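What the coordinates show
Spelled out, the chains give:
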Amino acid sequence: ADKSVQVKLVLLGEAAVGKSSVVLRFVNNEFQPNKEPTIGAAFLTQKCRLEDRILRYEIWDTAGQERFHSLAPMYYRNAQAAVVVYDVTKASSLEKAKSWVKELQRQANPNIVIALAGNKVDLVQSASSSGDASDSVSEEDPDDATETGGEAPAPSGGPESLRQVPGEEAQAYATEAGLLFFETSAKTGEGIVEIFTEIAKKIPIE
Ligand code: GTP
Ligand code: MG
């Protein structure tokens, strides 16, 4: 008999931030570079093993396009957990994530466990060394297209310049709002299992 506890989880967030890709990585350990937009919502399941128990996630992967917004309550109603996703290279997607969190905190189950995921972190990491902690005081780099030869610093459009949401800023918001927080990459797998495992640990044992 399958005694695993079922946990209903919903993914929310702006279009194209990578919700479906995060789920595909978690469920199939795959990544598709040209994933098509979700229409309506998709349903997937995956088990999550903790030291003392196994949970079975029932995952509703919602569509981020604005025309589907009104469907969302059907999917977050009764959800025990939510993953709200934004894209670290797109500041407006964090604002959208914050509005989803507000909606959840007003309308969803009061005990819902919410995690904030800053996805596509692979795009802001240099291939060689993972960036130091010095939080980029990134100048607004006004399209300096002039490539003079010589000492050549970072390649133009390099990883650091792509980041629009500093990790510290999102972490501070998450702490204040009572959310779990992770930076993730559906492409490399970074942080993906961690989100679902940390959520699982916060789901009360019945
Ligand atoms: P909707 O279903 O329209 O709401 O979009 P979504 O949030 O499900 O985004 P989706 O997973 O379809 O990903 C959108 C695009 O971003 C696809 O081309 C993905 O391959 C790409 N993508 C998703 N996650 C990552 C990531 O972590 N890193 C990189 N580099 N690309 C990603
Ligand atoms: Mg999708």
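Our subject in this report is the structure included herewith. (Residues numbered from 1 in each chain as written. Chains lettered and ligands numbered in written order. Predicted model: local features only at pLDDT ≥ 70, side-chain atom pairs only at ≥ 80, totals over all residues. Heavy atoms only, no water.)

1. Considerations on the nonpolar core
Put simply, the rule reads: Note on terminology: a nonpolar core comprises buried Ala, Val, Leu, Ile, Met, Phe, Trp, Tyr and Cys residues joined through side-chain atoms within 4.5 Å. Classification of residues uses two cut-offs on accessible area relative to the type maximum, computed with a 1.4 Å probe and protein chains only: under 20% is buried, over 50% is exposed, and between them is partly exposed. Only DSSP runs of H or I with at least four residues qualify as helices, and only runs of E with at least two residues qualify as strands; both kinds are numbered from the N terminus onward. For this analysis, residues touch if any pair of their heavy atoms sits within 4.5 Å.
In terms of nonpolar packing, the biggest core is built from 28 residues, with Leu9, Tyr57, Ile59, Phe196 and Ile199 touching the most fellow members. Sorting the residues of this core by element identifies β1 (5-13), α1 (19-28), β3 (54-62), β4 (81-87), β5 (113-119), β6 (180-183) and α6 (192-202) as the ones contributing at least two each. With 5 residues, the top contributor of residues to this core is α6. Excluding residues within four positions of it along the chain, Ile199 makes contact with Leu9, Tyr57, Ala81, Ala82, Val83, Val113, Ala115 and Leu180. Listed in part, the 27 residues of the second largest apolar core include Val10, Ala97, Ile112 and Leu179.

2. Topic: the pattern of salt bridges
Once the charged atoms of two side chains with opposite charge are near each other, the side chains can pair. Test applied: The term salt bridge refers to a pairing of a side-chain nitrogen on Lys or Arg with a carboxyl oxygen on Asp or Glu at a separation within 4 Å.
In total, this model carries 8 salt bridges according to the counting rule given. Among the ionic pairs, Lys35 bridges to Glu36, the shortest N-O distance being 3.8 Å. We classify Glu36 as partly exposed; its relative accessible area is 49%. The partner of Lys120 in a salt bridge is Asp87, with the nearest N and O atoms 3.6 Å apart. Highlighted residues: Lys120 in the loop between β5 and α4 (159-162) and Asp87 in strand β4, separated in sequence by 33 residues.

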